[in-house]
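# Structural description and commentary
Letter by letter, the chains look like this.
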Protein chains: 2
Amino acid sequence: MDLHLDLDQDASLPLNTAVADAIRHAIRTGRLRAPDPLPSTRALAAQLAVARGTVTEAYAQLAAEGWIITRQGATTRVARDGDGPPATVEPPAPSRTTAPACWDLRPGVPDTTLFPARTWATAVRAATRSDPEVLGYGEPQGRPELRRVLAGYLNRTRGVTAGPDRILITSGFADALALLATTLRELGLRHIAMEDPCLDVHRRVVTHAGLTIHPVPVDAHGLDITALAATPARVVLATPAHQFPLGATLGPARRRKLVAWARRVDGYIIEDDYDGEYRFDRKPVSALQALDPSRVIYGGTTSKTLAPAMRLGWLALPPRLSRPVTDRVAHQQAPPLDQLALSHLILSGHYDRHIRRTRTEYRRRRDHLIAAGLPLTGIAAGLHALLPVADEEQMIAHARTRSLALMGLGPFWHGRPRGQGLIIGYSRPPVTTAYEALDHLVALMAPADVRPG
Amino acid sequence: MDLHLDLDQDASLPLNTAVADAIRHAIRTGRLRAPDPLPSTRALAAQLAVARGTVTEAYAQLAAEGWIITRQGATTRVARDGDGPPATVEPPAPSRTTAPACWDLRPGVPDTTLFPARTWATAVRAATRSDPEVLGYGEPQGRPELRRVLAGYLNRTRGVTAGPDRILITSGFADALALLATTLRELGLRHIAMEDPCLDVHRRVVTHAGLTIHPVPVDAHGLDITALAATPARVVLATPAHQFPLGATLGPARRRKLVAWARRVDGYIIEDDYDGEYRFDRKPVSALQALDPSRVIYGGTTSKTLAPAMRLGWLALPPRLSRPVTDRVAHQQAPPLDQLALSHLILSGHYDRHIRRTRTEYRRRRDHLIAAGLPLTGIAAGLHALLPVADEEQMIAHARTRSLALMGLGPFWHGRPRGQGLIIGYSRPPVTTAYEALDHLVALMAPADVRPG
């Protein structure tokens, strides 16, 4: 009876646990099935070069769990089959973010190979060592430590004015938007204006919440305030720092006009500051929220700075909305260990440092495209740039045949497209192949393609 | 110039980073303010017993970040004040789960001092080492790895029948309930029956989603199915394994009747299996879902097994509901690193082991109260038991004066209370003081108090 076992080399596990784990895993994955025989404790101990007592303990543990049957004088056998479906039955569904292509320049995600995994894991570990009270349900609004740290951080980096009591920790911006939309509908604000084009996911979120959408055009200076004022909406969702996906910044005159509009209609501006930390040519413009904290709902996230996988975001709420929105949250949304880990990252300066590091890297990637002659539009900022083309669908199909995944403006228009362009997500490829991907894009783009027809 | 600095002893940090962190922290917390002088590099190096170059590098880093000003030949000074509010302005708000009392026997949370922090942190660390794709937005339904593992686990431990494609990972049960309630309302199911008494948070969640609640009485055999059938509701939220808070198990006859009701009205049963893993006297009854996976929506969570702070839960959805519910989720709700960590815990057997360990501990605590003569009602299961009393408010007030936090049935009735009792959350106190807390409760209870008047 020869049994090949892969022992987990994790030194923190006692050896008998490692042996039991390995056998259990073999049963679970179907390599061992009832009533397969197991080696004698003596034989397995010799094979694994461990003490015989170690194997005896492992077998006792497995027998207690019902995985194996040990009987004095008889061969030890597997008692039952693994209960998970065999690995071959259902291969993991391909994730939506994985392209079949070799290079991927679609927008929306940062380079996750730059994620400070070790720093993060250390911070989570430190958080597990804090007061066990942290592991309870906690406050629906989020950990006070993180709200306090964020109040300072957002003020310092984005000019946001809001005390910790007006900050709500969410699991990302889309969840925050769903919560806002539902609350606003309850308050009688049933119409929402949205930029055209805008992120398609957000359209879906507000529609699900029961709001009626009014698209408002965007030009080189951002949202068209006159067109906004012509809608019946008293709420608008906007990306003032870096319009998604066109890439404009909302100009100073329009900022003032926008806030004046919100006051006039007794309404609110939802500021989606998804990549406000990333401005390459100069200091970022402050958040719109600074102009009127009673009219602007500020939303931010770590999805672009650290990774979408963090599922961490925040809202800075106007005093009037703070209570109605927070009251809708049953339990705190983001795991408190993660919240504590993030506050540690911010307080220790690691977060700022990571942003500086990624900012430098993304600026370099954008500069690389500019230097190669691609006529990118939009401000020097963020994780993506727009490349106007004559026929985006054709370019996307062509690129696909050359193993390059691209995305056009198509899905982001509310109705009829009013332009053709590729949204170049230069942040997405891993740092090891990023410049290869960018060069590949440049090579694909004949000058005739990149001028609007 | 003497500057006291607490260097972070984390050996993974370079020394110059640790020095910079400590100074930055001193500025942020207001211990150093502009234009305070800093020691010379030589003096600080001597004081901290580090190389002078280490301090020079730290100063250079801080100067680059704008925290300090260094000038050749001049004293180095703090350049600006910390931007967080001084620590004294706003002390952390007391968490809702922290009682001012010394002993706390209110229900709803497990003993978080038993949380396997080291195993968890190791699993999170391992997850950060997997494919960086994991750090992206991923599938709204949740990581395929965890859904596959849960399909097997729930089948093995609770008899739940649902493939990975019908499992949705959520951030706890309350969030799942909010999602369900909103979806059901959209599908035209605007009435929901709920057990009376039931968890108050759930009432709030379904009300926010716009459903109308119909309370249904509970007796020693669980939910009254005849009363349920008299309501206009086609959806019911129930706790069949261990009614919260009264503690009954839904009997076999009523289980069959309940499922027949759902078929008859073309409706659904939401099964809140919040503590189904904890049965002390015998093998747990299977989940209701096993009787009819097309009519029962099964919901589970790690909030009672690991800690509420995990913010991890799951639904096993009937085929007809799988798509409508999942379509409402914009992004995966629970952080994927946590999802991978949990699948690792389950596959390696650590999760089962932790449940066995806590089950033994909670059983012991319950037995301790029984042995002391407290006439607990409800089945031998779960994290709480009911202690009928003549006047719960009086007992709670009395216990409070003796530093013991207790909770009564009061908040859980929909309308008029139909009984008086204390819900003894024997799982809550930390293992170090649990028996002290239980003995304290026993000492407080004069025989006259514990019999309903």
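For the structure, check the block above.
Residues numbered from 1 in each chain as written. Chains lettered and ligands numbered in written order. Predicted model: local features only at pLDDT ≥ 70, side-chain atom pairs only at ≥ 80, totals over all residues. Heavy atoms only, no water.

## Here's the deal with the sheet that holds strand E7 (residues 222-223) of chain B
Residue and element names in this part refer to chain B. Reading across from one edge, E4-E11-E10-E9-E8-E5-E6-E7 is the order of the 8 strands in this open sheet, with mixed pairing throughout. Since the sheet does not close on itself, it has two edges, and those belong to strand E4 (167-170) and E7, each with one partner. Bridging between strand E9 (residues 268-272) and strand E10 (residues 296-301) involves 4 bridges; their strand directions are parallel. If you follow isoleucine 270 over to E10, its bridge partner there is isoleucine 297. Here helix H5 (residues 144-158) sits on the sheet in contact with E4, E10 and strand E11 (313-316), set at roughly 105° to E4. Contacts between helix H6 (residues 173-186) and the sheet are confined to E4, strand E8 (235-238), E9, E10 and E11, with E9 contributing the most and set at about 170° to the helix. (Pairing = 2+ DSSP bridges. Helix = DSSP H or I, 4+ residues; strand = E, 2+ residues; numbered from the N terminus. Contact = heavy atoms within 4.5 Å. Axes fitted to C-alpha atoms, helices over the stretch in contact; angles between N-to-C directions.)

## Regarding the environment of B:Glu145
All names here are of chain B. Relative to the elements of secondary structure, glutamate 145 occurs in helix H5. Overall, the relative accessible area of 26% leaves glutamate 145 in the partly exposed class. C-alpha of glutamate 145 to C-alpha of arginine 279: the two residues are 134 residues apart in sequence and 28 Å apart in space. Only 3.0 Å separates the side chain of glutamate 145 from the side chain of arginine 143, close enough to count as a polar contact. (Buried < 20%, exposed > 50% of the residue type's maximum accessible area, 1.4 Å probe, protein only. Polar contact = N/O pair within 3.5 Å; in protein donor to acceptor, adjacent residues only side chain to side chain.)

## What about the packing of helix H4 (residues 117-128) of chain A against helix H11 (residues 336-347) of chain A?
All names here are of chain A. Put simply, H4 and H11 touch, their axes get as near as 8 Å, and they point 120° apart. One way to sum up the angle between H4 and H11 is to call them oblique. Like other packed secondary-structure pairs, H4 and H11 cross with a definite hand, here right-handed. Where H4 approaches H11, its residues Thr119, Trp120, Ala123, Val124, Ala127 and Thr128 are matched on the opposing element by Leu337, Asp338, Leu340, Ala341, Leu342, His344 and Leu345. A class-by-class count of the residues in the contact of H4 with H11 yields 9 nonpolar, 3 polar and 1 charged. (Parallel < 35°, antiparallel > 145°, perpendicular 65-115°, else oblique. Left-handed = near helix turned anticlockwise from the far one by under 90°. Nonpolar A, V, L, I, M, F, W, Y, C, P; charged D, E, K, R; others polar.)

## Some words on the packing of aromatic side chains
Under the criterion given, the structure shown has 10 aromatic pairs over all chains. Ring plane angle 90° and centroid distance 6.0 Å describe the contact between A:Phe244 and A:Tyr274, whose orientation is recorded as edge-to-face. Taken together, the residues span a long stretch of sequence, with A:Phe244 in the loop between strand E8 (235-238) and helix H9 (252-264) and A:Tyr274 in the loop between strand E9 (268-272) and strand E10 (296-301) at a distance of 30 residues. By relative accessible area, A:Phe244 is classed as buried at 10%. In this arrangement the basic side chain of B:Arg80 is found over the ring face of B:Trp67, its NZ or CZ atom lying 4.1 Å from the centre. We note B:Arg295 situated over the ring of B:Tyr268; from NZ or CZ to the ring centre the distance is 5.9 Å. (Phe/Tyr/Trp six-rings, centres within 6.5 Å; stacked < 30°, edge-to-face > 60°. Lys NZ or Arg CZ within 6 Å of the ring centre and 35° of its normal.)

## Brief notes about unusual backbone geometry
All names here are of chain A. With an omega of 5°, the peptide bond between aspartate 196 and proline 197 qualifies as cis. Mapped onto the fold, proline 197 is located in the loop between strand E5 (191-196) and helix H7 (200-208). In the segment running from phenylalanine 244 into proline 245, the intervening peptide bond is cis, with an omega of 5°. Turning to its location among the elements, proline 245 is positioned in the loop between E8 and H9. Here serine 403, not a glycine, exhibits a phi torsion of approximately 65°, which is positive.

## Remarks on the pattern of salt bridges
Residues and elements named next belong to chain A. One pass over the full model with this rule turns up 42 salt bridges over all chains. Across the pair arginine 365 and glutamate 361 runs a salt bridge whose closest N-O atoms are separated by 2.7 Å. Within this pair, arginine 365 and its partner glutamate 361 are both found in helix H12 (residues 350-371), separated by 4 residues, close to a single helical turn. Look at the salt bridges and you will find they share partners, linking Asp111, Glu361, Arg364 and Arg365 into a network. (Salt bridge = Lys/Arg side-chain N within 4 Å of Asp/Glu carboxyl O.)

## Focus on empty space enclosed by the protein
Unoccupied space between atoms shows up once a probe the size of one water molecule is rolled over them. Scanning all chains against the criterion turns up 5 cavities of 30 Å³ or more. One number sums up the size of the largest cavity: a volume of about 710 Å³. A:Ala178, A:Leu179, A:Thr182, B:Ala178 and B:Thr182 are, among the 30 residues lining the largest cavity, the residues nearest its centre. Elements with a contribution of two residues or more to the lining of the largest cavity: helix H6 (173-186) and H7 of chain A together with H6 and helix H7 (200-208) of chain B. Taken together, the residues that form the lining of the largest cavity break down as 15 nonpolar, 7 polar and 8 charged. (1 Å grid on protein atoms, 1.4 Å probe; cavity = no way out; pocket = protein on both sides within 12 Å on 5 of 7 lines; lining within 4 Å. Points joined across faces, edges and corners; volume = space filled by probe spheres on them.)

## Points about the interface of chain A and chain B
With 84 residues of chain A at the contact, the number on the chain B side is 87 residues. The contact between chain A and chain B buries some 6,800 Å² in all, and 56% of this surface belongs to carbon and sulfur atoms. Counting every contact that joins chain A to chain B gives 2 salt bridges. A salt bridge links B:Arg353 to A:Asp21, with the nearest nitrogen and oxygen atoms 4.0 Å apart. (Buried area = accessible area lost by both parts, 1.4 Å probe.)

## Thoughts on the relation of the copies chain A and chain B
Of the transformation placing chain A onto chain B, the axial shift is 0.0 Å and the rotation is 180°, giving an RMSD of 0.1 Å. Read as a symmetry element, the transformation amounts to a two-fold axis. Identified as the residue of chain A closest to the rotation axis by C-alpha distance is A:Ala121, at 3.6 Å. A share of 100% of interface residues in chain A that are also interface residues in chain B marks the association as one of identical surfaces. (Least-squares fit on C-alpha atoms with pLDDT ≥ 70 in both.)

## Brief notes about helix H3 (residues 52-64) of chain A
Residues and elements named next belong to chain A. Over its 13 residues, H3 runs 18 Å from end to end, which matches the ideal 18 Å to within 8%, given 1.5 Å per residue. Every buried residue belonging to H3 is among Thr54, Val55, Ala58, Tyr59 and Leu62, and all of these are buried. Summarising the axial view, the buried residues of H3 lie within an arc of 130°, below the 170-degree limit, and thus occupy one face. Where the residues of H3 are buried, they touch helix H1 (15-28), helix H2 (41-48) and strand E1 (68-69). (Expected span 1.5 Å × (residues − 1). Arc of directions from axis to C-beta.)

## Comments concerning the side chain of A:Arg365
Overall, A:Arg365 belongs to the buried group, its relative accessible area being 0%. Not counting residues within four places of it along the chain, the set of residues in contact with A:Arg365 comprises A:Asp111, A:Tyr426, A:Ser427, A:Arg428, A:Pro429, A:Pro430, A:Val431, A:Ala434, A:Tyr435 and A:Leu438.

## Comments concerning the side chain of A:Arg295
Residues and elements named next belong to chain A. Take arginine 295: it is sitting in the loop between E9 and E10. Here arginine 295 falls in the buried class, since its relative accessible area comes to 13%. With residues up to four places along the chain from it excluded, the contact list for arginine 295 reads Ala262, Arg263, Asp266, Gly267, Tyr268, Ile269 and Arg320.

## Some details on the environment of B:Asp281
Residues and elements named next belong to chain B. Relative to the assigned elements, aspartate 281 resides in the loop between E9 and E10. Each C-alpha atom, one on aspartate 281 and one on alanine 380, is 6.0 Å from the other, the two residues being 99 residues apart in sequence. Looking at aspartate 281, its side chain comes within polar contact range of the side chain of arginine 279, at 2.9 Å.

## Regarding the pairing of strand E6 (residues 212-219) of chain B
Residue and element names in this part refer to chain B. Where strand E5 (residues 191-196) lies against E6, 6 bridges are found, and the strand directions are parallel. Within E6, the position partnered with isoleucine 192 by the bridge is isoleucine 213. Once you follow E5 into H7 and on to E6, the crossover reads as right-handed. Where E6 and E7 come together, 2 bridges link them in antiparallel fashion. Among the inter-strand pairings, valine 218 is bridged to a residue of E7, identified as leucine 223. Taken together, E6 and the strand that follows it, E7, pair antiparallel across an intervening segment of 2 residues. (Right-handed = clockwise from strand over helix to strand, strands pointing away.)

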